[in-house]
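# Breakdown of the fold
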Amino acid sequence: MQVRVAAATLQAAVDIPEEDRDGYWTNLNFLNSLRELGNTVSLVQSDIPDYLTGLRRRDGIVPRWPHRTMELTSRRRSDEIPKAIEQLQAKYIVGKERQDAVDICLASNIIEVGVDIDRLALMTIVGQPKTTAQYIQVSGRVGRNPGVSPGLVITIFGAAKPRDRSHYERFRTYHQQLYAQVEPTSVTPFATPVLRRALHAAAVAYVRQTSPETLGPDPFPSSAYDEAIRLLRERAEVAEPDEVPVLDRFARDRARQWGGWERTKWDANPAPFGDPLQGLMRFAGTLPDLDRRATIWDVPTSMRNVDAECRLEISQAYLFEDTLAEDPI
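Notes on the structure follow. (Residues numbered from 1 in each chain as written. Predicted model: local features only at pLDDT ≥ 70, side-chain atom pairs only at ≥ 80, totals over all residues. Heavy atoms only, no water.)

### A short note on the pairing of strand 1 (residues 27–31)
When you tally the buried positions in strand 1, you get five out of five residues, the bulk of the element. Along strand 1, one buried face is formed by N27, N29 and L31 and the opposite face, lined by L28 and F30, is buried too. In this sheet, strand 3 (residues 104–107) lies alongside strand 1 in parallel orientation, the contact comprising four bridges. Residue pairing in the sheet places F30 in a bridge with A107 of strand 3. (Buried < 20%, exposed > 50% of the residue type's maximum accessible area, 1.4 Å probe, protein only. Helix = DSSP H or I, 4+ residues; strand = E, 2+ residues; numbered from the N terminus. Pairing = 2+ DSSP bridges.)

Encoded structure:
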């Protein structure tokens with residue numbers, strides 16, 4: 001079914017008048033898991049071209065091959081995501097023989113937020129998303145310019161999945177009450193792991209945003225820091241009053257560290273960002289310099305990527321040792 005839908009949407013874009021093709025030239029595919037996405041990659045590479053070849057023989061069409069495909073998932077490095085989004089922004093150009101616009105984009109839940117591209121108007125959702133909130137967020141990535149290209153979302157349900165069957169059977173009712181189906185979420189903004197990871201980041205952000213640009217981390221800006229903690233504490237008293245003592249403890253520890261380190265620079269990231277020897281903070285997830293004993297704050301720069309990344313490689317360098325058993329005789 002995925003192969004037939006993908007082939008149909010590829011060919012249908014060619015039948016649209018050229019001035020209206022841009023929004024429907026790129027088919028943004030959403031898949032619930034990387035395993036399903038990996039299976040779809042093989043479909044794009046082999047099954048869809050084979051099916052288009054069969055249509056050419058049977059119906060005499062001129063196939064539109066999926067030449068430009070891309071993947072937008074967490075498997076790509078953080079620095080590659082902005083480049084991929086920029087690639088998605090490439091438009092269909094009327095009269096150009098070989099287009100730069102992407103034909104098929106395979107995406108995971110990374111597109112829920114941050115992908116605001118007005119030209120996209122076609123999406124295929126493979127399998128019902130895990131939550132209604134995710135379904136709304138994902139499907140909202142297309143059709144953002146309805147006056148030019150109204151959005152078209154195609155949902156493919158799996159007959160072998162009970163949840164997909166349920167959504168298929170009550171498709172109209174579900175969509176008529178879509179926002180009423182949004183599941184409640186639990187949030188613990190002042191939990192201990194959150195305070196350990198982000199309290200100092202919020203305090204530093206407040207100090208730097210409310211102080212003159214010439215302000216440095218040394219001497220310790222106690223008045224601005226205390227004001228930042230006061231604001232956070234007021235919010236904690238409303239949201240999570242049981243966590244206020246923990247917040248106070250972390251705030252005292254961070255103040256003691258900041259004042260005792262006497263760092264002269266804000267950034268401790270490798271050049272050209274900052275000074276790794278005298279900086280106060282480094283990007284969260286970056287590896288520390290094992291030759292240095294100085295402690296540096298890990299500060300998140302994104303609400304999405306806050307953990308370290310590593311690349312897995314399979315090594316063929318095995319060390320074999322031949323052992324000769326002694327003859328007991």
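### Points about the pattern of salt bridges
According to the stated counting rule, one finds 16 salt bridges in the structure shown. Of the charged contacts in the structure, one is a salt bridge between R230 and E234, with a shortest N-O distance of 2.4 Å. Separated by four residues within a single helix, R230 and E234 lie in helix 9 (residues 222–239), roughly one turn from each other. With relative accessibility at 39%, the residue E234 sits in the partly exposed group. With a shortest N-O distance of 2.7 Å, R282 and D298 are connected by a salt bridge. Residue R282 is found in strand 7 (residues 279–283), and its partner D298 is found in strand 8 (residues 297–299); the two are separated by 16 residues along the sequence. What makes D298 partly exposed here is its relative accessible area of 33%. Connected through shared salt-bridge partners, D116, R141 and R144 make up one network. (Salt bridge = Lys/Arg side-chain N within 4 Å of Asp/Glu carboxyl O.)

### What to know about the sheet that holds strand 4 (residues 122–126)
Here we have five strands laid out as an open sheet, ordered 2-3-1-4-5, and parallel in their pairing. In the strand order of this sheet, the two ends are held by strand 2 (69–72) and strand 5 (152–156), each with one partner. Averaged over all pairs of adjacent strands, the angle between strand axes in this sheet comes to 20°, irrespective of strand direction. Bridge analysis of strand 1 against strand 4 gives five bridges, and the strand direction is parallel. Across the sheet, L28 pairs through a bridge with M123, a residue of strand 4. The sheet contacts of helix 3 (residues 34–59) involve strand 1, strand 2, strand 3 and strand 4, and relative to strand 3 the element is tilted by about 160°. (Axes fitted to C-alpha atoms, helices over the stretch in contact; angles between N-to-C directions. Contact = heavy atoms within 4.5 Å.)

### What about the packing of helix 9 against helix 10 (residues 244–261)?
Between helix 9 and helix 10, whose axes approach to 10 Å, the crossing angle comes to 165°. In this view, helix 9 runs roughly antiparallel relative to helix 10, as classed from their interaxial angle. As helix 9 runs across helix 10, the sense of the crossing is right-handed. Note on element contacts: helix 10 touches helix 9 through V244, L247, D248, A251, R254, A255 and W258, opposite Y225, I229, L232, R233, A236 and E237. (Parallel < 35°, antiparallel > 145°, perpendicular 65-115°, else oblique. Left-handed = near helix turned anticlockwise from the far one by under 90°.)

### Remarks on the pairing of strand 4
Judged by how many residues are buried, strand 4 sits mostly within the fold: five of five residues are covered. Going residue by residue along strand 4, you find L122, T124 and V126 tucked away on one face and M123 and I125 tucked away on the opposite face as well. Here strand 4 pairs with strand 5 via five bridges, running parallel. Looking at the pairing, I125 lines up with T155 of strand 5. Regarding the hand of the β-α-β motif, the stretch spanning strand 4, helix 5 (residues 132–139) and strand 5 is right-handed. (Right-handed = clockwise from strand over helix to strand, strands pointing away.)

### Some points on helix 3
The terminal C-alpha atoms of helix 3 lie 35 Å apart, and with 26 residues this matches the ideal 38 Å at 1.5 Å per residue to within 8%. Of all the bends in helix 3, the greatest measures close to 45° and is centred on L43. Residues E36, L37, T40, L43, V44, I48, P49, L52, T53 and L55 constitute the buried set of helix 3. Check the buried side of helix 3 and you find it contacts helix 1 (2–15), strand 1, strand 2, strand 3 and strand 4. (Expected span 1.5 Å × (residues − 1). Bend = angle between axes of the 7 residues up to and from the residue.)

### Quick word on the sheet that holds strand 7
Here we have three strands laid out as an open sheet, ordered 6-7-8, and parallel in their pairing. Each having just a single partner strand, strand 6 (265–267) and strand 8 make up the two edges of the open sheet. In this sheet, neighbouring strand axes are inclined to one another by 25° on average, regardless of whether the strands run parallel or antiparallel. Pairing between strand 7 and strand 8: three bridges, direction parallel. Each bridged residue has a counterpart across the sheet, and for M281 the counterpart in strand 8 is W297. Relative to strand 8, helix 8 (residues 192–210) is tilted by about 80°, and along the sheet it contacts strand 6, strand 7 and strand 8.

### Here we look at unusual backbone geometry
Of the consecutive residues D218 and P219, the connecting peptide bond is found in the cis state with omega at 5°. A positive phi angle, close to 55°, is found at E262, a residue other than glycine. One can find E262 in the loop between helix 10 and strand 6.

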